[in-house]
Amino acid sequence: MQPKRVVLAGCGFLGEVAAGLFFENGWQVLGLCATQGTASRLASRSFPVRVADISKPLAVPEGWSEPDLLIHCASSGGGDAADYRAVYRDGLANLIAAFAPKRVIFTGSTSVYDQQNGEVVDENSPTEPLRETAQVLLEAESIALQSGGIVTRLGGIYGPGRSMFLRKFMDGSAVLESGGERFINLIHRDDGARALLHLASPSITSGIYNVCDNHPPTQRELYGWVSEFFQKPMPPVGPIDPHRKRGLNNKRVSNKKLRTTGWGLIFPTFRDALPSLAREGF
C-alpha cells in the first residue's frame, strides 16, 4: 500500500513541526515555503521542501498532483489586508487549483470571533470581526469549506523560543492592561501540530474546529502563574496596547468540539507549559 501524501504549505513555527509529525507517522510529505533561506534551513529534514510563491499560480512538482491532504499553514508575517488576501485567500485558492487535493485543512485564527464581554464562544458563535484582516480569514475559510475541507481556528500560538508573555515578563515590559481582566486564548505549538495530524483522519467530519487549550486565563491570571513560577513580582497595571495583532476582543474560546473527537493536549493550560518553556527558552 502506498503511503498517504500531504502537501504542507508553510514550514514555519507550526508547519515545520506538523510536517515532521506527518513524516514520523508514515506520510509522504512535501513542504512548501516562501523563501530560499527557509528551504536551506530545512534541507537536512527527512522530507523535501520547495520554495513556492502561493500568491501566484503554482507549478506542481512531479508526483505530487492529487495528494491525500493539503494543509495551508502559511503566514502573512503580520502584514496588512492585502498581504492577508495574497497569502490566505488567494494562496489557498491557488494551492487547491494546482494540486487538486482530496482534502484540505486551512489553519486560521480565533481572531474571527470579535466578542467583547468575556463570552464563551464555540464554532457556532457569530463571526463578525471589525478588522479587515480577520474578514479575509473568513473568506479563506469559505474556500476551504466549499471544497469539503476542514478549518482550524487557532488561539495564539506559543512555544520554545516564542512566548511573548514570558519575554515581556522577563524584560520588564509586561503590563496588566486595564487591570488584566481580558481573556487570553492560547495553544502550544506542539498541541497545534498534533491537532492537524489528528484532523487528517478520515473519521473526522469536515467543518470548523477551534484549536486552543482547555482554560483561557485572564491576563492577570496568566501573569500570576508566571510570577509564581519564577518567584518574581507581578507586572504593573498599564494601558491597553491599541496595536495588538489579534485585536481588542475579549472572549473565551471553547475547544470542546475538537476534544470530543478524541484529541488531547500535552499542555492543557499555559501554566502546564511553564516548566518546558523555562528549559527550552522563550
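Look a little higher up for the structure.
Residues numbered from 1 in each chain as written. Predicted model: local features only at pLDDT ≥ 70, side-chain atom pairs only at ≥ 80, totals over all residues. Heavy atoms only, no water.

**Some words on the overall build of the protein chain**
The cut-off we apply is this: By definition, any uninterrupted DSSP run of H or I lasting at least four residues is a helix, any uninterrupted run of E lasting at least two residues is a strand, and each is numbered from the N terminus. Here the radius of gyration uses the C-alpha set of atoms, whereas the globule reference equals 2.2 Å times the residue count to the power 0.38. Each residue is placed in one exposure class: buried if its accessible area under a 1.4 Å probe, protein chains only, is under 20% of its type's maximum, exposed if it is over 50%, and partly exposed if it falls in between. Where accessible areas are quoted, they stem from the Shrake-Rupley method and a 1.4 Å probe; at the residue level, only the protein chains shown are allowed to cover. When charges are counted, neither His nor the chain ends are considered; positive counts come from Lys and Arg and negative counts from Asp and Glu. Charged side chains are reduced to one point each, which is NZ for Lys, CZ for Arg, CG for Asp and CD for Glu.
Looking only at helices and strands, one finds nine helices and 13 strands in the protein chain. Its C-alpha atoms give the protein chain a radius of gyration of 19 Å, within 12% of the compact-globule value 19 Å for 282 residues. With respect to the three principal axes, the spread of C-alpha positions in the protein chain is 55 × 40 × 35 Å. Out of the 282 residues belonging to the protein chain, those deemed buried represent 52%. If you sum the accessible surface of the protein chain, you get close to 12,700 Å²; carbon and sulfur atoms cover 51% of it. Averaging the coordinates of the 30 positive side-chain charges in the protein chain and doing the same for the 28 negative ones gives two points 3 Å apart.

**Points about the packing of helix H5 (residues 164-171) against helix H7 (residues 219-230)**
How we decide: Fitted lines through C-alpha atoms give the axes, limited to the stretch in contact for helices. The angle between two N-to-C directions lies from 0 to 180 degrees. Small angles under 35 degrees read as roughly parallel and large ones over 145 as roughly antiparallel, with 65 to 115 read as roughly perpendicular and the rest as oblique. When the near helix sits turned anticlockwise from the far one by under a right angle, the crossing is termed left-handed; a clockwise turn instead gives a right-handed crossing. Note on definitions: a residue-residue contact is assigned when non-hydrogen atoms from the two residues lie within 4.5 Å.
Contact geometry of H5 with H7 gives a least axis separation of 11 Å together with a crossing angle of 55°. The orientation of H5 with respect to H7, classified from their angle, is oblique. As H5 runs across H7, the sense of the crossing is right-handed. On H7, the residues touching Phe165, Leu166, Lys168, Phe169 and Met170 of H5 are Leu222, Tyr223, Val226, Ser227 and Phe230.

**Let's talk about the sheet that holds strand E3 (residues 49-51)**
Filter applied, for reference: Strands were regarded as paired on the criterion that DSSP finds at least two bridges between them.
Read from one edge to the other, the open sheet built from seven strands follows the order E3-E2-E1-E4-E5-E7-E11, with strand pairing classed as parallel. Lying at the two open borders of the sheet, with one neighbouring strand each, are E3 and strand E11 (207-211). In this sheet, adjacent strand axes meet at a mean angle of 20° when their direction is disregarded. In this structure, strand E1 (residues 5-9) lies alongside strand E4 (residues 69-72), joined through four bridges in parallel fashion. Opposite Leu8, over in E4, you have Ile71 as the bridge partner.

**Observations concerning the side chain of Arg5**
Here is the rule we go by: What makes a salt bridge here is a side-chain nitrogen of Lys or Arg within 4 Å of a carboxyl oxygen of Asp or Glu, nothing more. N or O atoms closer than or at 3.5 Å make up a polar contact, with two conditions inside protein: a donor-capable atom paired with an acceptor-capable one, and, for residues adjacent in sequence, both atoms drawn from side chains.
Assignment of secondary structure puts Arg5 in strand E1. For Arg5, which is buried and forms no salt bridge, the nearest opposite charge comes from Asp68, at a distance of 4.5 Å. A distance of 2.7 Å separates a polar atom in the side chain of Arg5 from the backbone oxygen of Glu66. In this structure Arg5 touches Trp27, Gln28, Gly63, Trp64, Ser65, Glu66, Pro67, Asp68 and Leu69, once residues within four positions along its chain are discounted.

**Examining the side chain of Asp191**
Along the chain, the position of Asp191 falls in helix H6 (residues 189-199). When residues no more than four places from it in sequence are discounted, the contact partners of Asp191 are Trp263, Gly264, Leu265, Ile266 and Phe267.

**Concerning helix H1 (residues 15-24)**
Since the α-helix packs 3.6 residues into each turn, any two residues three or four apart lie on the same face. With respect to burial, H1 is a largely interior element, seven of its 10 residues being buried. Within H1, the full set of buried residues consists of Gly15, Glu16, Ala18, Ala19, Gly20, Leu21 and Phe22. Contact partners of the buried residues in H1: E1, strand E2 (28-33), helix H2 (36-41), E4 and H6. One or two positions beyond H1, positive phi appears at Gly26, with a value near 90°.

**Regarding the packing of H1 against H6**
Our working rule: Only Asp, Glu, Lys and Arg are considered charged, only Ala, Val, Leu, Ile, Met, Phe, Trp, Tyr, Cys and Pro nonpolar, and every remaining residue, Gly among them, polar.
Closest axis-to-axis distance for the H1/H6 pair is 9 Å, and the angle between their directions is 45°. Considering their axes alone, H1 and H6 lie oblique with respect to each other. Of the two elements, H1 crosses H6, and the hand of that crossing is right-handed. Taken together, the residues of H6 that come into contact with H1 (itself represented by Val17, Ala18, Leu21 and Phe22) are Arg189, Asp190, Ala193, Arg194, Leu196 and Leu197. Partitioned by chemical class, the residues of the contact of H1 with H6 number seven nonpolar, no polar and three charged.

**Observations regarding the packing of aromatic side chains**
Test applied: What counts as a ring pair is set by centres within 6.5 Å for rings of Phe, Tyr and Trp (its six-membered ring), and what kind of pair is set by the plane angle: stacked under 30 degrees, edge-to-face over 60, tilted for all other angles.
The final tally for this structure, using the stated rule, is 10 aromatic pairs. On the numbers, 4.9 Å between centres and 50° between planes, the contact of Tyr84 with Tyr88 is tilted. Highlighted residues: Tyr84 and Tyr88, both in helix H3 (residues 81-99), separated by four residues, approximately one helical turn. Comparing Tyr84 with Tyr88, the two get one shared label, buried. With centroids separated by 6.0 Å and ring planes inclined at 70°, the aromatic side chains of Phe165 and Tyr223 adopt a geometry described as edge-to-face.

**A few points about the nonpolar core**
Applicable threshold: What we call a nonpolar core is a set of buried Ala, Val, Leu, Ile, Met, Phe, Trp, Tyr and Cys residues that are connected through their side-chain atoms within 4.5 Å.
Counting 33 residues, the largest nonpolar core has Phe22, Leu69, Ile71 and Leu196 as the members making the most contacts within it. Listed by contribution, the elements that provide at least two residues to this core are E1, H1, E2, E4, strand E7 (150-154), H6 and E11. Membership of the second largest hydrophobic core comes to 27 residues, among which are Val7, Tyr88, Leu95 and Ala140.

Just geometry here; none of it tells us what the structure is for.
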